[in-house]
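Structural description and commentary
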Amino acid sequence: NVGIKRRLRRFFRRDGRALIFAMDHGFEHGPTDFEEHWKHVNPRIIIKKVMRAGIDGVMMLPGLARIAGNDVKPDRGLMIKLTSKTNLRPKDDQLLQSQLGYVEDAIKLGADAIAATVYWGSPQEDVMMRQFAEIASYAHDLGFPVVQFAYPRGPYINEKYGKKEDYRVVMYGARAAVESGADMIKTYWTGSRETFAKVVDAAAGVPVLLSGGAKTENPVDFLKVVYDVVEAGGAGAVVGRNIFQRENPEPLIKALIRIIHRNEEPEEAAKA
Ligand code: FBP
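These lines cover the structure that appears in this document, whether it is placed above or below. (Residues numbered from 1 in each chain as written. Predicted model: local features only at pLDDT ≥ 70, side-chain atom pairs only at ≥ 80, totals over all residues. Heavy atoms only, no water.)

1. Thoughts on helix α12 (residues 250–262)
For α12, which comprises 13 residues, the first-to-last C-alpha distance of 17 Å matches the rise-based estimate of 18 Å (1.5 Å per residue) to within 8%. Within the sequence span of α12, burial applies to L252, I253, A255, L256, I257, R258, I259, I260 and H261. Next to the buried residues of α12 lie β1 (18–22), α3 (43–53), α10 (219–231), β10 (236–239), α11 (241–244) and α13 (266–271). Just downstream of α12 lies N263, where phi reads positive at about 55 degrees. (Helix = DSSP H or I, 4+ residues; strand = E, 2+ residues; numbered from the N terminus. Expected span 1.5 Å × (residues − 1). Buried < 20%, exposed > 50% of the residue type's maximum accessible area, 1.4 Å probe, protein only. Contact = heavy atoms within 4.5 Å.)

2. Some thoughts on the site of the ligand
Taken together, 15 residues are adjacent to the ligand, and D24, H29, Y151, K186 and G213 come closest. Between the ligand and G213, the relevant distance is 2.7 Å, taken from an oxygen atom to a main-chain nitrogen or oxygen of the residue. Between G240 and the ligand, the recorded distance is 2.7 Å, taken from a backbone N or O atom to an oxygen atom. Under a 2 Å grid-point criterion requiring more than half of the atoms, the pocket assigned to the ligand is the largest pocket. Mapped onto the shell around the ligand, the elements with two or more residues apiece are α2 (25–28) and β10. (Near = heavy atom within 4 Å. Polar contact = N/O pair within 3.5 Å; in protein donor to acceptor, adjacent residues only side chain to side chain. 1 Å grid on protein atoms, 1.4 Å probe; cavity = no way out; pocket = protein on both sides within 12 Å on 5 of 7 lines; lining within 4 Å. Sits in = over half its atoms within 2 Å of the grid points.)

3. Observations concerning the packing of helix α8 (residues 167–179) against helix α9 (residues 193–202)
One way to put it is that α8 packs onto α9 with a least axis distance of 8 Å and a crossing angle of 20 degrees. With respect to each other, α8 and α9 are oriented roughly parallel. Where α8 crosses over α9, the two elements pack in a sense that is right-handed. Here Y167, V170, M171, A174, R175 and V178 of α8 come into contact with α9, specifically with T195, K198, V199 and A202. (Axes fitted to C-alpha atoms, helices over the stretch in contact; angles between N-to-C directions. Parallel < 35°, antiparallel > 145°, perpendicular 65-115°, else oblique. Left-handed = near helix turned anticlockwise from the far one by under 90°.)

4. A closer look at α8
Look at α8: 18 Å from first C-alpha to last across 13 residues, which is about the 18 Å you get at 1.5 Å a residue. Listed as buried for α8 are V169, V170, G173, A174, A176 and A177. Across the axial projection of α8, the buried residues extend over an arc of 160 degrees, all falling on one side. Looking at α8, the residues exposed on the side facing more than 90 degrees away from the buried face are Y172 and E179. Among the structural elements, β7 (146–150), α7 (155–161), β8 (184–187) and α9 are those in contact with the buried residues of α8. Two or three places before R168, at the opening of α8, D166 has a side-chain oxygen 2.9 Å from that residue's backbone nitrogen. Immediately downstream of α8, the backbone of G181 shows phi near 105 degrees, a positive value. (Arc of directions from axis to C-beta.)

5. Regarding the pairing of β1
For β1, the buried fraction is high: five of the five residues fall into the buried class. Alternating positions in β1 separate into two faces, A18, I20 and A22 on one and L19 and F21 on the other, with burial throughout. Both β1 and β10 contribute to a ladder of four bridges, which runs parallel. Of the residues in β10, the one forming a bridge with L19 is A237. Bridge count for β1 against strand β2 (residues 57–60) is three bridges, and the pairing is parallel. Following the sheet pairing, A22 is matched in β2 by M59. (Pairing = 2+ DSSP bridges.)

Here it is as structure tokens:
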């Protein structure tokens, strides 16, 4: 499908890799995530900064895209995610992402790709699978790529594997994402280059991007993870807190770009 391929190229450079900024935290975690650098709660301010630093794409929910979608330069990718949940829900309902928008709305907002989360292993997995199937079917029909945030989480996973980042669980989620029709996958760090390489293999050629995670105090620690992701065959990273929770995210973004697109070593990239 030509449309899907062309639109994926707005995110991925010729090397097949991308660095994407994530900003759905105001909904998914709450505005407290922005308190460290409160001005970044305004999507227009932080998106202008990440654009200047050279980011390849941005991921947002539909409402933020209405406010700041135009600040995403036309030669960069705009990913609109159609599922989420608030942290205000009762604990037992935290393992479900609900649909909060429609493919058509995302397209009207200028989306180049449509994203949705599936918590593989959740007691509500069935609902998210169906949501994803519906979104993917509709988006593909219209020539739009679909990104799956393939996040394994649920009581059985904890019981059997101890943690959701166990590579056997993460690669299971990545594989499930592929088999359910994803064109791009975002998932957790498994803790080592060797295990992440297995996740990449399980994805059978569908690009796998790292989900950033909580901010590391020392930026080099995060650069090392992204370096290992790329060495393992990963296609880059989707990063939120490690960017907007820094007063000036530009040096980190530039270092990430050097690692992802120029294969520079973390220490070297951090110095430049
Ligand atoms: P981060 O780089 O800040 O981890 O952002 C990635 C992301 O998937 C966001 O899109 C989302 O809001 C958040 O992490 C969800 O985190 P969790 O569900 O682990 O609390």
